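# A look at the structure
Take a look at the letters that make up each chain.
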Amino acid sequence: MSDPSTASVVSTPGASPTESAAPAAAGQPQTNEKPRGLLGDAWRDLRRKPLFWISTTLIVIFLLMAAFPQLFAQGDPSAGALERSLNKPGADGWFGYDLQGQDVYARVIYGARASIVVAVLSVIGTLLLGGTMGIIAGYRGGWVDALLSRIADVFFGLPFVLGAIVILTTFNGSGSGNSKAEIMGLVVVSLTVLSWPVVMRLMRSSVLATKEADYIVAARALGAGTGRIILKHLLPNCLAPLLVYGTIMVGSFIGAEATLSFLGVGLKSPVVSWGIMISDGKDFIRVAPGLVFFPAAFLVTAVLSFVMLGEAVREALDPKLR
Amino acid sequence: MRVSKRATSAIALSAAAALVATGCSSGDGDGDAAASKDGAITVHGVQPENPLVPSNTTETGGGKVVDWLWTGLVEYPNDGGAPRNALAESIDTKDSKVFTIKIKKGTKFHDGTEVKSKNFVDAWNWAAYSPNGAQNGSFFADIQGFDQTYTSDPDGPDGPQKAPAPKADKLSGLKVVDEQTFEVTLAAPTAVFPTKLGYSAFMPLPDVFFTQKPEEFGKKPIGNGPVKFVSWEDNVVIKLTRFDDYNLRDKMKIKDVDVKLYQDETAAYADLLANNLDFMEVVPTSALAGDKWKADLGDRGLSTVTPSTALISFPIYDKRFQNPKLRRAISLAINRQDISDKIFFGTRKPADSWANPLTPGAKPGNCTACKFDVATAKTLLAEAGGFTGEMVFYYNADSSHKGWMDAVAQQVKTNLGINARAEGVPTFAVFRQAVNAHTMKGPYRAAWQQDYPDVENWVNPLYVTGGSSNDGLYSNPEVDALAKQASSAPSLEASHEAFSKAVEKVDQDVPSIPIYFYGQQSGHSEKIKKLELNNVGEVDITSVEL
Amino acid sequence: MGRYLLRRLLQLVPVFIGTTFLIYWLVWAVPGDPFAGKCGERRCPDQYIAFMTEKYHLDQNVFVQYGNYMKNLLQGDFGQTFSQRDIGDIIATAYPNTLKLALVALVIEAVIGLGAGVLTGLRRNGFLDNLVLISTLFLIALPVFVVGFVLQWLLGVQWQIIKPTVSSEMRWSELIVPGFVLGSASVAYIARVARTSIAENRRADYVRTAIAKGLPMRRVVGVHLLRNSLIPVVTLLGTDLGALMGGAIVTEGIFGINGIGRAVYRAIVTKESATVVGIVVVLVLVYLVMNLVVDLLYAALDPRIRYE
């Protein structure tokens, strides 16, 4: 952290003072407390970062929006009336109205739930599945690596649209009468199943690069078990690219969810999501750019907060930055 | 019939009134004859789904090219009027059962051979022979002997049994009299038969067709129309050029026509605006929004109405939709004017009749269920005992139907208090499969475009028991009887009169609800000085002047 | 190294068979009758369906179908589409176009992504860092069709800087804008991953040593830092070529490029197993080879990684 730039959006002017204060503060509490573990250190680090607080606040707001949308918008997101079709933003509809005369503001708010839940769960699923496979493949090497890598290759070869259409139409065809939660679950599962190979390869490459490092060799020499080496040494050191990739993936999964809905196999009305709004609005971008702009702006903000949080957590967790 | 899967590219006839009213024929003066003579244009197209064999082409991409490459016995004038003889010298009949058809002498196929009566008879026999698997095979069902050449699979195409081989490979109702004359005997009198002869299924095929595989022929088709085939590069371009030996009315004024095959309408539209493309039949939805296309194209834009109708059909096989009062209530609860104005920016007209009013024989304004009358709708719904549960309106999500279907569902919800919503089915194939199998669980979108310009085509296939597109299984013996009487009427006038009675019965039952009549917005480049659209809304390339 | 290479090449065989079968089976499992939608708003004549079913052997079970397909494939026969065009021809014309587009996208993404990543990694949390972060995220968040449409509209129609669509000659210069559109979504990944990697290695001992030795900064960054930070970036780029080729559907449509994207999509919805597998087979080969190259590059880039 050598750049004290104050022009930054992400880290506010407070950033550098807290960091320079960190070593000084680090000494005192340790005198009367037990040495903390990795997580304790990380938490102490995190508390001092405005980056962390800003992103957490934003994420809490988005989560509230997802859980209790009625706190933010009074209107009914799916009540359409053609007489106000494509009305411009105004006092009664802050973001204007879409083609069906539905309140764009209410829809953006209500869209948070489906978008965030689907994207975050899919990212978590992908990271867990791909990460585990990657660690095992990278650490074990040999035939295990070969087998897992080749399985990943097979899945990687599936065109996304094909896999999604098959999985979703099989379980979520028209008239299957699935509940909203079931449909969301299916979308999450298909996104996970079709996206894990990249994460797996990313994790595997990190593990390959790290596993011959001196501290791992040393740990092994000291008789540490495989589980301990992986969890205590390998994981924290390999997590960085994964976290970075994962937080950005939130954004592209929101878009992928829109593609599925667009194809008629994903979420169905009256469920609203940002992705659905963007793809619905694309034909009217020259007349009512707000139909694309507002959901995209929310999407970017949400993704930005996840990326910022990921960044903060990564820096806190990364032992090399201490 | 050719119905494109996308509403935005559905094409159909354009009638005289519409042409005049909307100034569809573009350009005031004549073009520069010298510039036209060796001129070339590039028009928008899509990759045909099948090799170009007329009796095996049912979609718009290939249909357009087939229409240019071939000239049939009759042609449908650009102004939408009654069909007139093209290749036919005369079509005579005394009883509407036996037709004597004389063709003009001295016209040629593009390979130089003369078009003779046997080219028609052979082509029709080929298409009507079921093992050849022609998509338009059933168009020959009127002709005597069809049941001998066209056999059905006893347990459907998916069953283990195979269809028995047909007893005959030629239609007994077709007879070559001499080189220019042949005789057609129908199984029953059909006044509308001569009208059908302009449809692509009835085009002649050159002798060389019968010596090679149909798909080989279809990759390098040989027709008898004003342009001939040059080359076809898949997904890129189909090149056509003037057929210099053509001697019928509509000779080409320009020389070369390139059909550029696009995947995306927005790309074609961008090319049109940048003058890289000379003609585009249907501008994309994104340009219709807010009337942007008018500003973009100025006097290069054309607007016309086409006799195709968008409908919502009821699955009458589903108990919940068997009460005509409920069906009428739903129809009355839809504000068609609002949908036309807001969803389609005025480019589609609200439907108010059962057959499209541009079709010869159709009566305008005869759909009493097409009004917007919420009070009556509520009363009827109450009388029908209400509707419990969710009413889902289905559409195919691979083309742009979401907007208007959502609006319909919303209006039913708002005006009748029914828990309604619209849901997309991923692809047209899956959608049609459910429709064909009669497993639809709610009202679904449909569209109808006539195969030939006559009101008969709007009643028999759609509302008669067992009709080829009566997918909702609507059945009313009175309608059947009236339609049968109309079909075998001695003259077209009598036939039209009888059909209008059948339609009155249909109007009482509301088996489907017409929503809007299609419109078409086209554009051309600065290069083109004059052009007309033909009866199906395609550019009439023989009218183009530069 | 030689033995490793041989083993990896041998492993390609089961992967190849597994992938092709899985895809064949998936397409076969796509719901819908391939001929149900062929005749517009009217059911196709049963005779037509029977004719097509028999012609394409669709009445046999999926294993027999796959077996026949593979037998023909090994003899170099890709089969025919339902519209009776040779799939081999389609692949031969469409593939080079898509590959060209994907390569342009890859280069653009590597140059912009890596450049941005290095700049921001060296000067983290500055104004530039945040600018890059927000603009790349915006590109991710906006779907490709919006980015493509807007660029085509502004550059092609309003300002007339480029032709709105790519000509059939596929000149490299025409592919810059479509390539940017296609690669835009991946730029953020590359930039972020490169930034993280650089930032981390910036503190590594060998960099400190190099600086202490008095090497010029350019050499430190170019030789020591970059080389060691490239591993995750190369992984992403390598896997991305396949993804770019398979994911070019929208971009190809917008810019009128005759590529494989649309062909695959159409074949999926019409259940043309032979076409999907035919096209994807070549795609699978591309990324299998790319994965192998990436794995070999690891060893070249990072002396700590050794293949026995």
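Residues numbered from 1 in each chain as written. Chains lettered and ligands numbered in written order. Predicted model: local features only at pLDDT ≥ 70, side-chain atom pairs only at ≥ 80, totals over all residues. Heavy atoms only, no water.

Across its full length, chain C carries 12 helices and 0 strands. Reading the helices (α) and strands (β) of chain C from amino to carboxyl end gives α-α-α-α-α-α-α-α-α-α-α-α. Dimensions of chain C, computed from C-alpha atoms along their principal axes, come out at roughly 80 × 55 × 30 Å. Relative to its 308 residues, chain C shows a buried fraction of 59%. Residue pairs at least 24 apart in sequence account for 76% of intrachain contacts in chain C once pairs closer than 6 positions are excluded. (Helix = DSSP H or I, 4+ residues; strand = E, 2+ residues; numbered from the N terminus. Buried < 20%, exposed > 50% of the residue type's maximum accessible area, 1.4 Å probe, protein only. Contact = heavy atoms within 4.5 Å.)

A separate point is the UniProt feature "transmembrane region" (unreviewed entry) in chain C. Mapped onto this numbering, the UniProt entry annotates "transmembrane region" (unreviewed entry) at residues 12-30, 101-119, 131-155, 175-194 and 276-301 of chain C. From the first C-alpha to the last, residues 101-119 of chain C spans 27 Å; its make-up is 100% helix and 0% strand. (UniProt positions renumbered as here; feature names shortened; annotations may be inferred.)

Residues and elements named next belong to chain A. Put simply, helix α4 (residues 104-140) and helix α10 (residues 274-281) touch, their axes get as near as 7 Å, and they point 130 degrees apart. Comparing their axes, α10 and α4 come out oblique. Along its contact with α4, which presents V104, R107, V108, G111, A112, S115 and I116, the element α10 presents W274, G275 and M277. Broken down by class, the residue content of the contact of α4 with α10 amounts to 6 nonpolar, 3 polar and 1 charged. (Axes fitted to C-alpha atoms, helices over the stretch in contact; angles between N-to-C directions. Parallel < 35°, antiparallel > 145°, perpendicular 65-115°, else oblique. Nonpolar A, V, L, I, M, F, W, Y, C, P; charged D, E, K, R; others polar.)

With that out of the way, let us pick up unusual backbone geometry. The residue N275(B) is not glycine, and still its phi comes out positive at about 60 degrees. Inspection of the secondary structure puts N275(B) in the loop between α8 (265-273) and β11 (279-280). Unusually for a residue other than glycine, Q160(C) sits at a positive phi of about 55 degrees. Structurally, the position occupied by Q160(C) is in the loop between α6 (144-158) and α7 (176-202).

Core analysis: the largest hydrophobic core is formed by 231 residues, its most contacted members being W274(A), I330(B), F393(B) and W404(B). Setting aside anything within four residues of it in sequence, one finds F393(B) in contact with I312(B), I330(B), M405(B), V408(B), A409(B), V412(B), A420(B), R421(B), A422(B), E423(B) and P443(B). V65(B), V184(B), V192(B) and M252(B) belong to the second-largest nonpolar core, a separate cluster that totals 72 residues. (Core = buried A, V, L, I, M, F, W, Y, C linked by side-chain atoms within 4.5 Å.)

In this section: the side chain of T20(C). Relative to the assigned elements, T20(C) resides in helix α1 (residues 2-29). If we skip the residues at most four places from it in the chain, T20(C) touches Y66(C), M70(C), V277(C) and V281(C).

Moving on, we get to the environment of Q263(B). Locating Q263(B) in the fold gives a position in the loop between β10 (256-261) and α8. Remark: the alpha-carbon pair of Q263(B) and V236(B), spanning 27 residues in sequence, is separated by 9.6 Å. The residues contacting Q263(B), other than those within four sequence positions of it, are E252(C), G253(C), I257(C), N258(C), G259(C) and R262(C). A distance of 3.4 Å separates a polar atom in the side chain of Q263(B) from the backbone oxygen of I257(C). (Polar contact = N/O pair within 3.5 Å; in protein donor to acceptor, adjacent residues only side chain to side chain.)

Helical geometry: 3.6 residues make up each α-helical turn, so side chains three or four residues apart lie on a common side. Residues and elements named next belong to chain C. Counting buried positions along helix α11 (residues 260-269) gives 8 out of 10 residues, so the element sits mostly inside the fold. Those residues of α11 that fall on the buried side of the exposure criterion are I260, G261, A263, V264, Y265, A267, I268 and V269. A positive backbone phi angle near 60 degrees is found at K271, which sits one or two residues after α11.

Another aspect to go through is the confidence of the model for chain B. Per-residue confidence for chain B gives a mean pLDDT of 86; residues scoring 70 or more make up 92%. Confidence drops under pLDDT 50 across residues 1-28 of chain B; counting only partners more than four residues distant or on other chains, this segment forms 110 contacts. (pLDDT = per-residue confidence, 0-100.)

This part covers the interface of chain A and chain C. Contacts between the two partners involve 55 residues from chain A and, on the opposite side, 61 residues from chain C. Broken down residue by residue, the surface that chain A buries against chain C is led by R150(A), R201(A) and I248(A), which jointly contribute 11%. On the surface where chain A and chain C come into contact, there are 0 salt bridges. One can count 1 residue pair in polar contact (both at pLDDT 80 or more) joining chain A with chain C. (Buried area = accessible area lost by both parts, 1.4 Å probe. Salt bridge = Lys/Arg side-chain N within 4 Å of Asp/Glu carboxyl O.)

Residues and elements named next belong to chain B. The buried fraction of strand β14 (residues 390-396) amounts to 6 of the 7 residues, a majority that puts the element mostly inside the structure. Direction of pairing for β14 relative to strand β15 (residues 419-425): parallel, over a ladder of 7 bridges. Bridging from a neighbouring strand, Y395 pairs with G424 of β15. In the classification by handedness, the crossover that spans β14, the intervening helix α14 (residues 402-416) and the parallel β15 is right-handed. (Pairing = 2+ DSSP bridges. Right-handed = clockwise from strand over helix to strand, strands pointing away.)

Residues and elements named next belong to chain B. Counted under the stated rule, the structure contains 1 disulfide over all chains. Here C367 engages in a disulfide with C370; their sulfurs sit 2.0 Å apart. Residues C367 and C370 share a disulfide whose torsion about the S-S bond is about 80 degrees; that sign makes it right-handed. For the pair C367 and C370, a shared accessibility class is recorded, and that class is buried. (Disulfide = S-S within 2.5 Å.)

Attention shifts here to a negative patch on the surface. A contiguous patch of negative charge, built from E216(B), D77(C), D86(C) and D89(C), is present on the exposed surface. Along the chain, D86(C) falls in the loop between α3 (62-74) and α4 (87-122). (Patch = residues over 30% accessible without salt bridge, like charges linked within 9 Å, V, L, I, M, F, W, Y side chains within 5 Å. Areas by Shrake-Rupley, 256 points an atom, 1.4 Å probe, with all protein chains shown as cover. Lys, Arg positive; Asp, Glu negative; His and termini not counted. Charge placed at Lys NZ, Arg CZ, Asp CG, Glu CD.)

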